[in-house]
Amino acid sequence: MYEIKICHLYPDLLNLYGDYGNIQALVRRLEWRGINVSVHPISIGDPFLPDAYDIVFMGGGPTNEQEILHKDLLGLKKAPLIEAVENDTVFLCICGGYQLMGQYYKLSDGTELECLGAMNHWTIDHEKRMTGNLIFEIEGLKQHPDSLVVGFENHSGKTYLGDGVLPLGKVLYGKGNNGEDGYEGARYRNVYCSYSHGSLLPKNPGLTDEIITLAIKRKYKDFVSLQPLNDHIETAARENLIKRFLNTPNSPK
Amino acid sequence: MKKLINKIRFFTALYLGKCAIYLLRFTGSGGTSFPGKLAMTICPDILRELGAKYRIFMVTGTNGKTTTARIMEQILQENRIKYISNKSGANLISGLITTLISDVKLNASPTSPTALLEVDEAAFRLSSKHIHPAVLVVTNFFRDQLDRYGELYNTLNVVKEGILNNPETTLVLNGDDSLCASLGKDVPNPVVYYGMDELAVPEDNNRTMSSINNDASYCLYCKTKYEYQYYSYGHLGYFKCPNCGYERPELTANVVRIPAMTSEFSTVVISTPSGVFEANINLPGLYNIYNALSAVAFAEVLGFSHKKTIEALSSFESGFGRMESISLGENNIQVILIKNPTGFSQVLKYLSSVYNSSVICFMINDNIADGRDISWLYDVDFEPLKNMQDNVSQIYVSGTRAEDMAVRLKYAGIFTDHVSIEKDAQNMLDFALDTLKPGETLFILPTYTALLDIRKILKKRFKLKNFWQ
């Protein structure tokens, strides 16, 4: 029987925008297919073992909470986290978690806060918050009916991608990474990063299943594909917003 | 000359404001903020001028403002104190001004010299420069609509700033909330704290979700993880920082025991410096015990007798959309406002204490007043609903985000065949009333603007009171 282990990084600190929903979506969609799944909360002082998990999730948190974990993340956990990324462990990092995976976060006074450096992107603080509904298209999900991903963004940092890092998708509605280049999120090896919470995964089962498939395939070489599920409620929720915010349903402007 | 102009300006603002109130009430629309807005445009100083004429009691905080204000009102009534209040929950600056304008006579003297005002946290900071409450009750701080208010610490700081403008105000603070209690540290104000003793806290407290979504698990001052002797709900409880020693302060009003918690009321034993007494609280739910307790602490500050307080606790009427009940012979409709994760979780916990079968309607809108971001639904603990689902014959989801709510329920493990999406409020109510079997209760849980919608419909059908009354 297949078994997937999920690591929830700093669940007591990074849990701002319904991030728990992402964990729940992963767990349920694995369970509904009869795949064993366990969730392991790892927080301050807990060691992170690079080979122990199949999926690592890191969400966003308030500034104050991010300060609390900064030392722990860059100390004890930095090397094993980078090792896990380089070993193709599947990661999902949202908002603050996304920013923390990059090189640095530059504050408005010019101070650069060091980040994990697991990926080549960086974030610059911006006066005007980017808050609102967010719709973007993920190229690789085209074969699914749900290549359009729907969420909500709320961030003041503008993120820019360097060499080796690809955007996760193309913004159709909202701001995305920086409101300038039309891209949203980041992809590097098996790491998925996004500014979209809301939560991201429950309403976007195509993306959830892609992440799950990747994790199972990495662990079990004989695995072919996931059994399809009835997603009509999720599809209705997504289409409701696509209709509301894009002129024609299902076809980008 | 300048004085005269100011006077003319003040009275013009006052009279036009009064006219606007009468006109809006006459047309049946209520208008609890427009008259204030109008008066403020004409006379920017009107809040200060009017406020100076009143003894003011204020309530702020994330959850429980309206209910707490209702209990405090009842306490004032029992003690035969004439007061004016912003009953409809119009708790922004414009609402406060409208309330005062509606009370003053044509010569600008107050009809009721006491004002009891519920105030939004950000509006409190604004108002604090103009009006100075004798007593400020703060209920609690929980994460709220993040796209509107920003992070929780901002909200806390906003209230802190407001308090700095009012060093003489007596503060009535929730001692079990490490964030709220911090407002009483290092300020010259007189402070009393209220909270709950360990023996009073219900044993079955489910910590699964609250331990994950805790709004304040690390010390506000030194960022060390708090150690808790016990939790009551959310991050409320006996907290202590093992590093800097910041801990739950000594309480002036505390619940020592809860002999009964039913689906209609709670019985509590409360201890104050003037003695111990038992009282029935006219609303169910642990969070309403906190609301009642803050009002008890308020009564203690004013030196009211326990007898009058006990009367008030057992007789107050719940506020606008706060567990309002409509009796329909064999059935009952109950409307409970939901607006943030902790409040919603507590409401679900309350529902699980109701033993008869029910139909539940969730109405989720994403207008600005509701918060455009609905991610907070994922911070709600649906475990109580999951455990009671055999007792729920049908669930309806409605509002602009009906489908999102259906997805949320699905991922919470609620049977999807129990859930019907009915976006239109009128249709939803018709279907829900049709499904209702004899003896069942219909629970309607709307977000703020959905509450306005459903209340309009219910009012037409069942002749409810106007909300500003």
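Owing to the predicted nature of the structure, the values given are computational and were not obtained by experimental measurement.

**Considerations on the environment of A:G45**
Residues and elements named next belong to chain A. With respect to the helices and strands, G45 occurs in the loop between β2 (36-42) and β3 (55-58). On a C-alpha basis, the gap between G45 and N204 in space is 33 Å, while along the polypeptide they are 159 residues apart. What G45 contacts, discounting residues up to four positions off in sequence, is D72, L76 and K77.

**Digging into the packing of aromatic side chains**
A complete count under the given rule lists 22 aromatic pairs over all chains for this structure. With a centroid separation of 5.8 Å and an interplanar angle of 25°, the aromatic rings of B:F142 and B:Y233 are classed as stacked. Of this pair, B:F142 sits in the loop between β4 (135-138) and α7 (146-149) while B:Y233 sits in the loop between β7 (227-231) and β8 (237-240), and the two are 91 residues apart along the sequence. The exposure classification of B:F142 matches that of B:Y233, with both residues buried. Within the aromatic cluster, the residues linked to one another by ring pairs are B:Y221, B:Y226, B:Y228, B:Y231, B:F239 and B:Y246. Lying across the ring of A:Y192, A:R187 places its NZ or CZ 4.0 Å from the centre. Seen from the ring of B:Y221, B:K185 lies directly overhead, with NZ or CZ sitting 4.4 Å from the centre.

**Quick word on the domain arrangement of chain B**
All names here are of chain B. Its domain assignment divides chain B into domain 1 (51-89 + 111-315) and domain 2 (322-462). With centres defined by C-alpha atoms, the gap from domain 1 to domain 2 works out at 27 Å. If you look at the interface, domain 1 gives 24 residues, while domain 2 gives 24 residues. Note on domain 1 versus domain 2: buried area summed over both sides is about 2000 Å², and carbon and sulfur give 49% of it.

**What about the sheet that holds strand β11 (residues 275-281) of chain B?**
Residues and elements named next belong to chain B. Ordered by their spatial adjacency, nine strands build an open sheet running β2-β3-β1-β4-β5-β6-β9-β10-β11, and the pairing between neighbours is mixed. Taken across any chain shown, the strands that pair with only one partner, and hence form the sheet edges, are β2 (83-85) and β11. The sheet shows a mean angle of 20° between the axes of neighbouring strands, direction not considered. Two strands pair when backbone bridges link them, and strand β10 (residues 266-272) and β11 are joined in this way by seven bridges, in the antiparallel orientation. Opposite V269, over in β11, you have E278 as the bridge partner. Against the sheet, helix α11 (residues 286-301) contacts β1 (55-60), β4, β5 (170-174), β6 (191-196), β9 (253-261), β10 and β11, and its axis sits at roughly 150° relative to β6.

Rules used in this analysis
Positions within a chain are numbered from 1, following the residues in the order the chain's sequence is written. Key to labels: chains lettered from A, ligands numbered from 1, both in the order written. Given that this is a predicted model, residues contribute local features only at a pLDDT of at least 70 and side-chain atom pairs are listed and counted only at 80 or more, while totals for whole chains, interfaces and linings are drawn from all residues. Computation of side-chain values: all heavy atoms of the structure, hydrogens and water removed. Only DSSP runs of H or I covering at least 4 residues are called helices, and only runs of E covering at least 2 are called strands; the numbering of each starts at the N terminus. Whether two residues are in contact is decided by their heavy atoms, any of which lying within 4.5 Å being enough. Centre distance within 6.5 Å is the pairing criterion for rings of Phe, Tyr and Trp, where only the six-membered ring of Trp is used; planes under 30 degrees apart are then read as stacked, over 60 as edge-to-face, and the remainder as tilted. For every residue, the accessible area (1.4 Å probe, protein chains only) is compared with the maximum for its type, and the residue is labelled buried under 20%, exposed over 50%, or partly exposed between those bounds. Only when the NZ atom of a Lys or the CZ atom of an Arg is both within 6 Å of the ring centre and within 35 degrees of the ring normal do we say a charge sits over the ring. All the domain ranges listed were derived from an automatic or database domain assignment. Throughout, the accessible surface (probe 1.4 Å) given up by two parts as they are put together, summed over both, is called the buried area. Should DSSP find at least two bridges between two strands, the strands are regarded as paired. Fitted lines through C-alpha atoms serve as axes, helices being fitted only where they are in contact, and the angles separating the N-to-C directions of these axes extend from 0 to 180 degrees.

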